Amino acid sequence: MRTSFLLYLGLLGLTLGCRENGEPPTAPDASPALATMAASLVFTQVSAGNAHTCGVTSDNRLYCWGANLDGELGDGTTTKRLVPVPIGGALRFRQVSAGGFFTCGITTTDRSYCWGSNFLCSVGDWTTTGPRLTPVPVTGNHLFRRVEAGPEFACAVTLSDRAFCWGRNTTGELGIGNNTGPEATPIAHSSRPVAVAGSLSFRHVAPGTQHACGVTTNNHIFCWGSNRRGAVGDSSTALVRLQPTRVVGTRQYREVDAGRDYACAVSLASRAFCWGDGTRGQLGNGGTKNARYPRPVSGGLSFNHVSAGDVHGCGETTGKRAYCWGQNAAGNLGDGTTIDRLTPVAVVGGLFFNQVSAGGEHTCGKTSEGRAFCWGYGSTGALGNGQTESQNPVPRPVAGPS
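What this report covers is the structure whose coordinates are included nearby. These numbers come from a predicted model, not from an experiment. (Residues numbered from 1 in each chain as written. Predicted model: local features only at pLDDT ≥ 70, side-chain atom pairs only at ≥ 80, totals over all residues. Heavy atoms only, no water.)

### Remarks on the overall build of the protein chain
The helix and strand tally for the protein chain stands at 1 helix and 28 strands. Across the 402 residues of the protein chain, 61% fall into the buried class. For the protein chain, the accessible surface area stands at approximately 13,600 Å², while carbon and sulfur atoms represent 52% of it. (Helix = DSSP H or I, 4+ residues; strand = E, 2+ residues; numbered from the N terminus. Buried < 20%, exposed > 50% of the residue type's maximum accessible area, 1.4 Å probe, protein only. Areas by Shrake-Rupley, 256 points an atom, 1.4 Å probe, with all protein chains shown as cover.)

What follows is the structure, encoded as structure tokens:
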């Protein structure tokens, strides 16, 4: 997900109505012994948002921690939490996505729930009111396989591989073929899921700032929405794409993630590629120029997954080591420094990760044993270690629940 620009988008939402429609070195702070702090929680997935984090445990329970201005933690309050708190009551989740000021998840019954800010209809419950302090069902009878929350909109893929989005649609980020709505209004958002235009079958869809990208079941990437700085990746200078447009090239991909005006993907050959805004090194190719088509991430690393945060990216390699690149002011790259990096650097600590998630100015990862670690900006409590230091450049274990 995304700090400064999300604050801007959240404030903007107040004025816009909704309408239906290599091996890293070892760092003492990240030693395996410290993982005992989080021994009571074994995670299957973690998700870093703008300034909060959520995770699903091995028994399908959901926990969140960090900033809670609009109820994005879902615990019924707007109180910041420095350690994980249980969410959802009797609901059981198998996947969660922390966005800007809201969060969405998929239950074990394939239903999507969202909570938090509803400024631009991002909760998807067919209302224009908010915030929602506890999980509410996304309207409709869709059975979803996966949901992803962006800054002010969300997208999900059904069990039959159809993509739906809801929330903000200022620049066509819902991919429905327009950004005017049925009443030809200048700005139209959707408070319920609407089908992404076309007949494409998607494996998953990832919302960015004002654009989204998805991987189809035949391994092609399509993007739509704002094309500022080349975020759509179709090699054009068009300002917006109102419906899915294929990323240029014949390369096939396994997954994609979208950040602030850029996106990163992993090919079937396990190579990482990025395109769009590169001004802070978030494309990981050694430069700071924008790219309107996929460029390889430097270093020759083989990746299982990549995650595009606000202006930094991370991924875990096929050897289960975490690497990050881009903006690093809060230590969100986890390399023990606060220096921006134009190419991937190893996250320190000698930990083996099988999932990492890049957020606003922090990053979290899950080890092979299911232990959660976070690093970067901690003032909001998003690191989940009970502390509020602004800079944490090394992985620290997430504490047990309060």
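### Considering the sheet that holds strand E28 (residues 392-397)
Spatially, the 4 strands line up as an open sheet ordered E25-E26-E27-E28, and their pairing is antiparallel. The sheet is open, and its two edges are formed by strand E25 (353-358) and E28, each paired on a single side. In this sheet, neighbouring strand axes are inclined to one another by 20° on average, regardless of whether the strands run parallel or antiparallel. (Pairing = 2+ DSSP bridges. Axes fitted to C-alpha atoms, helices over the stretch in contact; angles between N-to-C directions.)

### Re the packing of aromatic side chains
Both the distance between ring centres and the angle between the ring planes are used here to describe each pair of aromatic rings. All chains considered together, the criterion is met by 9 aromatic pairs. Aromatic side chains Phe93 and Trp115 sit 6.0 Å apart centroid to centroid with 70° between the ring planes, which places their arrangement in the edge-to-face category. Taken together, the residues Phe93 in strand E5 (residues 93-98) and Trp115 in strand E7 (residues 112-116) connect sequence positions 22 residues apart. Note on accessibility: Phe93 and Trp115 belong to one class, buried. Geometrically, the ring pair formed by Phe202 and Trp224 is edge-to-face, given 5.9 Å between the ring centres and 70° between the ring planes. On the criterion of sequence distance, the pair formed by Phe202 in strand E13 (residues 202-207) and Trp224 in strand E15 (residues 221-226) is long-range, its members being 22 residues apart. Considered together, Phe202 and Trp224 belong to a single accessibility category, that of buried residues. Ring-pair connections join several aromatic residues into one group, and the members of that group are Phe93, Tyr113 and Trp115. For Arg192, the ring lying beneath its charged end belongs to Trp126, and the centroid distance is 5.5 Å. Residue placement shows Arg321 over the ring face of Phe352; its charged tip is 3.8 Å from the ring centre. (Phe/Tyr/Trp six-rings, centres within 6.5 Å; stacked < 30°, edge-to-face > 60°. Lys NZ or Arg CZ within 6 Å of the ring centre and 35° of its normal.)

### Regarding unusual backbone geometry
Of note, the amide linkage connecting Gly130 to Pro131 takes the cis form, showing an omega dihedral of 0°. When you line up the elements, Pro131 lands in the loop between E7 and strand E8 (132-137). Positive phi values are uncommon outside glycine, yet Ser270 reaches one of about 70°. Take Ser270: it is sitting in the loop between strand E18 (262-267) and strand E19 (272-276). Taking the relative accessible area as the measure of exposure, Ser270 reaches 14% and is therefore buried. At Lys320, a residue that is not glycine, the phi angle is positive and equals roughly 65°. One can find Lys320 in the loop between strand E22 (312-317) and strand E23 (322-326). The class of Lys320 is partly exposed, set by a relative accessible area of 32%.

### What about the side chain of Gln210?
By the secondary structure assignment, Gln210 is in the loop between E13 and strand E14 (211-216). Discounting chain neighbours no more than four positions away, the residues touching Gln210 are Arg168, Thr171, Glu173, Gly225 and Ser226. (Contact = heavy atoms within 4.5 Å.)

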